[in-house]
Each structure stands twice: as structure tokens, then as C-alpha cells.
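Close look at the chain arrangement
Each chain, written out:
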Amino acid sequence: MTRAVEKYLATRHLHPAIRTVEGPSRPDIIEDQDDLMDGDFKETSRDQIIAFEVSKASLTVHVLPDDRQTVIVNTESAITALLKKLTGERSAFVICEASGGYERQLLLCCVALDLPVHRAHGSRTRSFAKYLGLSAKTDAIDARMLALFAQRSDDLRLWEPPSPETLELRALRRRRDDLAQMVRIEKNRIEHAHIEAIILSLNRHVLILSEEIAELDARIAALISATPTFRHKSGLMQSIKGIGAATAAACLAYVPELGSLTKGEAAAIVGLAPHAQDSGKTQGQRRITGGRREVRANLYMAALSALRWDPGMKAFAARLKAAGKPSKVVIAAVMRKLIVILNAVLKTGEPARGARSC
């Protein structure tokens, strides 16, 4: 490698041994599906950072402060052996990126070895890479970038394994939501179909999918009923006007953290926190972004119900409309208030009052 290239890599905080390529090898923003939730913020020692760039078959591992790198297969035995070797006499902080579930084995190995581990959100790490000035993207570059991200970031949530009941509920609910989306797609196709055989085929498929959804709804209800924690939380949530069994199940499945968050965290975690777009004298329009869209879809229907049956929510919406807020902004504000109330009800353990003042 030439001295010119080494100098360039040094200015980009890269180890000279890391090869670069032109252009990204995958999309910049990686969707974090949040299959497994993170735990609390905790202060942990970061004397040694072990970063894993995850793929289906292999793991690229970068260690700081040693600034060395290796590649291992993505198997439980290989991960455990490496972690034991690296943490024999030194504490360690482990970090990886959400990779569609391929990181799950690594996370479980860290929990088994009692090692603190953070599962990073893809969009945050991509933004950090841009901050470092990294235009090239390889597994080796990403592994070192993750290590630097862990080294320079405060208040990283430590990953904690969810309960088996939560995993089962989330899987059932996700499958149910997937089938519901298929039903919507097929019904849209019926509207534009003109051949009788195709219409009959689409109707049969909708009927089959609807029966599957009904069966999954029954399984979800049975699981919630058989799990004391779920049953108690579901009852508390449904004490809020507009929140039904479906929305409560979605919250239990996708946002198990509810009840342990602040108001702002509760709104942000489902993507209902308005973000400022101001610069100088210009005050831009606030927008919501990110978050767990599965819950947001359920909260939308819950907001419509709350606006119909909850006098407090009606008054709240009327004040916003009188202030000139568009209808979509009003609905988003009601959704945000609902998730904040849900969080408060679960935090206090007390049912909502008959008519809440907003």
C-alpha cells in the first residue's frame, strides 16, 4: 500500500490494513425491525470494545484499543470461543448492528457470558460513518466504525433478551399483521379486476386469509389471557377510551418497554415525537419520523375511536383545530397523547379514569 493511501486512511480514522472500495455495498440506511428489544441505559466499562459487523455466514470483528481485526464464522461455538479469548483478563463492551436477525446468536452468546452488549440502529451508525467522512463501505470498514461508535457514544442501551412469551406474542402478531396487509392488497386488486375467474380467485384468497387472521387473533387472545403479566397490562390499557384488544396486543408485542419510559421516550419510540426543522429566522414544519410503525398503525385507529368517544380528546382536538392545525397534525397529536397515557397507566398500575382531561 502506498504512503499516499495510508495518509488518506489515517485522515479518515481507518486502519491502513482495511481495504476500501468505491461506493456502498448495500443501502446506507438499515431498517431496524426491533425483533429483540434493548434494555436500560447503563454505565459500563469500555476499556476494551469488541465490534461485530454481522452477515449471515461470517462476522468481521474489530477490537479497540488494540485496533486489530479478524473474521470468524457466524456460529455459537466460534463466537463463544472468541469472546472467551478476548475477555480472559479484561472487561469488554460488545457492539453489533441490527442485521435482520442474523445478530441474534451473537447477542445470546453475550448474555450467556454476562457481557454488556449494545445492538446499534443502522441509521445512527450510518450517520456516524458520514460524520467520520467514510464514503467507502466494506465489512472491515464497518466493523471499525462500529467500534469507534461505541467508544465515542454515551448512554447506549444494553440489550436484554425478551421473555419467551413476548417472543411468541410478537411472532404471532407480526404474522397477523402480514396477513392483514395481504388482504388489503388483494381487495385493492378486486377493485380493478374485470375477469370473473380472477375476481373469484381473489375473493377465495381473501376468505382464506381472513380465516387465518381470525385463528391468529384467537391464539393471541389466548396467550394474553394465559399470561398474568400480559392479562394485567392489557386490562390497564383497555381502560383508556379508544384502546381495544387489538391495540393493546400490538403494544404488548412491539413496545414491551411501555411503563418504564418518560413521556418523550414513549412518543419517540413509536415515531410520534415532532422534530424541529428550524434554521435562523426560518421555522420549518415539525415532522414525525422513524419509530415502530406497526404500533403507529394501531394507534391511528385508536385515535379515531378516542375522538369519537372521549370528551377530553374531543376538546383537545378542537383546541388544535381552532389554532389552525391541519387534520393530520391533529390526529398525530391525539396518537401521541394516547401513547403517553398508555405509558403512564402502565407505570402507575392504575386504570384510566372514565373521562380524561387533556
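Residue numbers restart at each chain and count upward from 1, following the sequence in its written direction. Thresholds applied to this predicted model are a pLDDT of at least 70 for local features of residues and 80 or more for the giving and counting of side-chain atom pairs; totals over whole chains, interfaces and linings are not thresholded and use all residues. Note that the side-chain values use all heavy atoms of the structure and ignore hydrogens as well as water.

Residues forming no salt bridge and having over 30% relative accessible area are the ones grouped into patches, like charges within 9 Å of each other and nonpolar side chains (Val, Leu, Ile, Met, Phe, Trp, Tyr) within 5 Å. In short, Shrake-Rupley with a 1.4 Å probe defines the accessible areas, and a residue's cover is counted only from the protein chains shown. Salt bridge, as used here: a side-chain nitrogen of Lys or Arg that lies within 4 Å of a carboxyl oxygen of Asp or Glu. Together, Tyr-300, Met-301 and Leu-304 give the surface a local cluster of nonpolar side chains, amounting to about 290 Å² of exposed area. Positionally, Leu-304 belongs in helix H11 (residues 293-309). For Leu-304, a relative accessible area of 36% gives the class partly exposed. Elements are defined by DSSP. Helices are runs of H or I of four residues or more, strands are runs of E of two residues or more, and each kind is numbered from the N terminus. Only protein chains enter the accessibility calculation, which uses a 1.4 Å probe; a residue is then buried when its area is under 20% of its type maximum, exposed when over 50%, and partly exposed in between.

So, about unusual backbone geometry. Leu-64 connects to Pro-65 through a cis peptide bond whose omega is 10°. By secondary structure assignment, the location of Pro-65 is in the loop between strand S3 (58-64) and strand S4 (68-73). With a phi close to 60°, Asp-67 is a non-glycine residue in the positive phi region. When you line up the elements, Asp-67 lands in the loop between S3 and S4. Overall, the relative accessible area of 18% leaves Asp-67 in the buried class.

Any two rings among Phe, Tyr and Trp, with Trp reduced to its six-membered ring, count as a pair given centres within 6.5 Å; such a pair is stacked if its planes are under 30 degrees apart, edge-to-face if over 60, and tilted if neither. Scanning the model with the defined rule gives two aromatic pairs in all. For the ring pair Phe-128 and Phe-149, a centre distance of 5.5 Å and an interplane angle of 75° mean the geometry is edge-to-face. On the criterion of sequence distance, the pair formed by Phe-128 in helix H4 (residues 122-132) and Phe-149 in helix H5 (residues 139-152) is long-range, its members being 21 residues apart. The structure contains a cluster of three or more aromatic residues connected by ring pairs, namely Phe-128, Tyr-131 and Phe-149. Charge over a ring is defined by NZ of Lys or CZ of Arg lying within 6 Å of the ring centre and within 35 degrees of the ring normal. Directly above the aromatic system of Phe-93 lies the positively charged group of Arg-46, at a separation of 4.7 Å from the ring centroid.

Take the packing of helix H2 (residues 76-86) against helix H3 (residues 104-112) next. Relative orientation of the contacting elements H2 and H3 amounts to 45°, with a least axis distance of 10 Å. In terms of orientation, H2 and H3 fall into the oblique class. Handedness of the H2/H3 crossing: right-handed. Where H2 approaches H3, its residues Glu-76, Ile-79, Thr-80 and Leu-83 are matched on the opposing element by Gln-105, Leu-106, Cys-109 and Cys-110. The residue inventory of the contact of H2 with H3, partitioned by class, reads five nonpolar, two polar and one charged. The axes are straight lines fitted to the C-alpha atoms, using for helices just the contacting stretch, and the angles between their N-to-C directions are given from 0 to 180°. Angular relationships are summarised with four words: roughly parallel below 35 degrees, roughly antiparallel beyond 145, roughly perpendicular across 65 to 115, and oblique for the angles in between. By convention the crossing between two helices is left-handed if the near helix lies anticlockwise of the far one by an angle smaller than a right angle, and right-handed if it lies clockwise. Any two residues having at least one pair of non-hydrogen atoms within 4.5 Å are treated as being in contact. Residue type decides the class: Asp, Glu, Lys and Arg count as charged, Ala, Val, Leu, Ile, Met, Phe, Trp, Tyr, Cys and Pro as nonpolar, and the leftover types, Gly among them, as polar.

Below, the discussion takes up H4. When we look at burial in H4, the residues that qualify are Gly-122, Thr-125, Arg-126, Phe-128, Ala-129 and Leu-132. Buried positions in H4, seen along its axis, are confined to an arc of 160° and lie on one side of it. For H4, the exposed residues set more than 90 degrees away from the buried face come down to Lys-130 and Tyr-131. Where H4 ends, the next residue or the one after it, Gly-133, has phi of about 85°, a positive value. Arc, as used here, means the arc of the directions from the helix axis to the C-beta atoms.

With the rule as written, the count across this model stands at eleven salt bridges. For the salt bridge of Glu-103 with Arg-119, the shortest nitrogen-to-oxygen distance reads 3.5 Å. Here Glu-103 is found in the loop between strand S5 (93-97) and H3, whereas its partner Arg-119 is found in strand S6 (residues 117-120), with 16 residues between them in sequence. Here Glu-103 matches Arg-119 in class, with each residue buried. Note that Glu-294 is salt-bridged to Arg-174, the shortest N-O span being 3.4 Å. Here Arg-174 lies in helix H6 (residues 164-192) and Glu-294 lies in helix H11, a separation of 120 residues in the sequence. Overall, Glu-294 belongs to the buried group, its relative accessible area being 17%. Through salt bridges that share partners, Arg-126, Lys-137 and Asp-142 make up one connected network.

This part is about H3. When we look at burial in H3, the residues that qualify are Leu-106, Leu-107, Cys-109 and Cys-110. For H3, the arc enclosing every buried residue in end-on projection is 160°, short of the 170-degree limit, so these residues lie on one face. Elements in contact with the buried residues of H3: strand S2 (49-54), H2, S5, S6 and strand S7 (157-159). Asp-114 occupies a position one or two residues after H3 and carries a positive phi of about 60°.

Take Lys-137: it is sitting in the loop between H4 and H5. Of the residues examined, Lys-137 reaches a relative accessible area of 2% and is grouped as buried. Contacts described as polar in this section are N or O atom pairs within 3.5 Å, which, within protein, must combine one atom able to donate a hydrogen with one able to accept it, while residues neighboring in sequence count only if both atoms come from side chains. Of the polar contacts made by the side chain of Lys-137, one reaches the side chain of Asp-142; its length is 2.5 Å.

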